[in-house]
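Examination of the molecular architecture
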Amino acid sequence: MCAGLGDKLAKHIYGGPDTPKKLRCLQEYLQAFSIALRNQQFECVYIDAFAGSGSRTEVRPALPLLGEEFAEPQEVTTPGSARIAIDIHPPLHSIVLIEEDATRFAELERLAGEYPDRHITVEKGDANKHVQRLCTQIAWRQRKPGMRGTRGVVFLDPYGMEVAWQTVETIARTKALDCWYFFPLSGLYRNAPHNPAKLDAGKQANLDRVLGATDWRERWYEHQILPKDLLETQAQAVRRTDVDAIEAYVKERLETAFKGAVLDPIRLHHKNGAPLASLFFAVSNTSPKAVKLATDIASHILNSGRLFHSRPR
Ligand SMILES: C[S@@+](CC[C@H](N)C(=O)[O-])C[C@H]1O[C@@H](n2cnc3c(N)ncnc32)[C@H](O)[C@@H]1O
């Protein structure tokens, strides 16, 4: 816990027993990335597309059996992804923090202000718009003499179905960014109910937007989902895929964009044990040397993440 951190800040209360696992993967990767690229001719950028406030507060339930101190729910505040990235040593050359919520954006500005000598940019607004702009503006593969190319890591950590597939494709096209994507499995379930009578046009559009494909209708449902007026046929269909198959489908989709590599994810869970999200790692660079370096590091981290025990639920 960061002593005193929670008192000063507008609290960003989110996450559950598996959140530390996610943030630990990010921290370990950024640390290894920064060391690995230290002596190479690249600018290193970290893009935190859903940056939050810089810290995370969790309310842990009262544990009366452990004595009076724990008889009340405990608020525990720890660094979030933005602060984790800032604390990496050797420091990343530049950090971009993107956040839509006005209060959390103000906290990020305050956080960046604590480091006047660092190159930290805070952007307010929709992550899709900012990430797509950055991916197309930055000269990733600088060819002018005396200029350095840029390599980096992007973290997509939405609450739910906020990441548009177009954003994923734009990241992949840089061929310079490694991507950690906390993919919302529970958002997928919610939008793809077992009973297709509940699969309204809005849910279908959400799934199309996040997955960048329409073939999930045939792949996940017993019968093709037909337009709304053919309700009889819709009612006969039933979702036959389970969470493993949905996760495998997402990996397949990511592999269509990221030509470097997409690793098997680790799955994170809600308090009640239900699947929450899959943490994917994908490499956009196609150079064999870059792919090997990134996947060696990330595989090791994901494998130890599989063994790392979550806080008790
Ligand atoms: C799960 S939290 C991120 C937590 C953060 N990565 C951390 O470790 O502390 C998701 C954040 O994304 C923000 N958000 C949601 N939709 C967004 C969007 N379309 N663009 C930018 N930020 C968004 C929310 O306000 C929230 O702060």
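Residues numbered from 1 in each chain as written. Predicted model: local features only at pLDDT ≥ 70, side-chain atom pairs only at ≥ 80, totals over all residues. Heavy atoms only, no water.

Examining the pattern of salt bridges
To be explicit about the condition: Salt bridges, as used here, are contacts in which a Lys or Arg side-chain nitrogen is within 4 Å of a carboxyl oxygen on Asp or Glu. In this description a helix means any DSSP run of H or I spanning at least four residues, a strand means any run of E spanning at least two, and both kinds are numbered starting from the N terminus. Partly exposed residues are those whose accessible area sits between 20% and 50% of the maximum for their type, while under 20% is buried and over 50% is exposed, using a 1.4 Å probe and protein chains only.
For the structure on display, the rule yields 18 salt bridges. With its nearest N and O atoms 3.1 Å apart, the salt bridge here joins Arg267 to Glu247. Of the two residues, Arg267 is situated in strand β9 (residues 266-269) and Glu247 in helix α11 (residues 243-257); the sequence distance between them amounts to 20 residues. Residue Glu247 is classed as buried on the basis of its relative accessible area, which comes to 13%. One salt-bridge network, held together by shared partners, links Asp215, Arg219 and Glu252.

Some details on the confidence of the model for the protein
As a reminder of what qualifies: For every residue, the pLDDT score states the predictor's confidence, bounded by 0 at the bottom and 100 at the top. Only heavy atoms enter the contact rule, under which two residues are in contact if any of them lie within 4.5 Å.
Confidence along the protein averages 89 in pLDDT terms, with 88% of residues attaining 70 or more. In the predicted structure, residues 1-8 sits below a pLDDT of 50 and forms 14 contacts with residues beyond four places in sequence or in another chain.

As for the packing of helix α6 (residues 165-173) against α11
Convention followed: Geometry is summarised by axes, namely lines fitted to C-alpha atoms with helices restricted to the contacting stretch, and by angles between N-to-C directions that run from 0 to 180 degrees. An angle counts as roughly parallel when it lies under 35 degrees, as roughly antiparallel when it exceeds 145, as roughly perpendicular when it falls between 65 and 115, and as oblique in every other case. When residues are grouped by polarity, Ala, Val, Leu, Ile, Met, Phe, Trp, Tyr, Cys and Pro land in nonpolar, Asp, Glu, Lys and Arg in charged, and all others, Gly among them, in polar.
Relative to each other, α6 and α11 sit at 45 degrees, their axes nearing to 9 Å. On the basis of their axis angle, the class for α6 and α11 is oblique. Touching Trp165, Val168 and Ala172 of α6 are Arg253, Leu254, Thr256 and Ala257, all from α11. Across the contact of α6 with α11, the residue classes break down as five nonpolar, one polar and one charged.

Looking at the site of the ligand
Counted only if it meets this: What makes a residue near a molecule or strand is one non-hydrogen atom of that residue sitting within 4 Å of it. For the purposes of these results, a polar contact is taken to be a pair of N or O atoms within 3.5 Å, where, inside protein, one atom must be able to donate a hydrogen and its partner to accept one; residues adjacent in sequence count only when each atom of the pair is a side-chain atom. We get accessible surface area from the Shrake-Rupley algorithm with a probe of 1.4 Å; when it comes to residues, only the shown protein chains can shield them. Any residue with an atom within 4 Å of a point lines the site, the site being either a cavity, points on a 1 Å grid over the protein atoms alone where a 1.4 Å probe fits but cannot get out, or a pocket, an open set with protein on both sides within 12 Å along at least 5 of 7 lines. Here the criterion for a molecule occupying a pocket or cavity is that more than half of its atoms lie within 2 Å of the pocket grid points.
Taken together, 19 residues lie around the ligand, and Ser81, Glu99, Arg104, Asp126 and Asp157 are the ones closest in. Within the contact set of the ligand, an oxygen atom lies 2.7 Å away from a side-chain nitrogen or oxygen of Arg104. One of the backbone nitrogen or oxygen atoms of Ala127 is found 2.8 Å away from a nitrogen atom of the ligand. About the coverage of the ligand: the protein hides 95% of its 600 Å² of free accessible area. Assessed atom by atom at 2 Å from the grid points, the ligand resides in the largest pocket. Of the residues that constitute the shell around the ligand, the class distribution is seven nonpolar, five polar and seven charged.

As for the nonpolar core
The condition that has to hold: Put simply, buried Ala, Val, Leu, Ile, Met, Phe, Trp, Tyr and Cys residues joined by side-chain atoms within 4.5 Å make one nonpolar core.
Grouped together as the largest cluster of nonpolar side chains are 45 residues, with contacts concentrated most on Ile47, Tyr181, Trp220 and Phe258. Examining the composition of this core, we find that six residues originate from one element, α11, more than from any other. If sequence neighbours within four positions are ignored, Trp220 has contacts with Leu188, Ala192, Leu207, Leu211, Val238, Arg239, Arg240, Thr241, Ile246 and Tyr249. The next biggest cluster of nonpolar side chains, apart from the first, holds 44 residues, and it includes Leu111, Leu268, Ala277 and Ile301.

Examining the packing of aromatic side chains
So the rule is basically this: When two rings of Phe, Tyr or Trp (its six-membered ring) have centres within 6.5 Å they constitute a pair, described as stacked for plane angles under 30 degrees, edge-to-face for angles over 60, and tilted for the intermediate range. For a lysine, the NZ atom is tested; for an arginine, the CZ atom; a charge sits over a ring if that atom is within 6 Å of the ring centre and within 35 degrees of the ring normal.
According to the stated counting rule, one finds eight aromatic pairs in the structure shown. The interplanar angle of 65 degrees and the centroid separation of 5.7 Å between the aromatic rings of Tyr29 and Trp180 together place this pair among those described as edge-to-face. In this pair, Tyr29 sits in helix α2 (residues 19-36) while Trp180 sits in strand β7 (residues 177-183), placing the two residues 151 residues apart along the sequence. Each member of the pair Tyr29 and Trp180 is classed as buried. Within the aromatic cluster, the residues linked to one another by ring pairs are Tyr29, Phe33, Trp180 and Phe281. Taking the ring centre of Phe182 as reference, the NZ or CZ of Lys22 above it sits at 4.0 Å.

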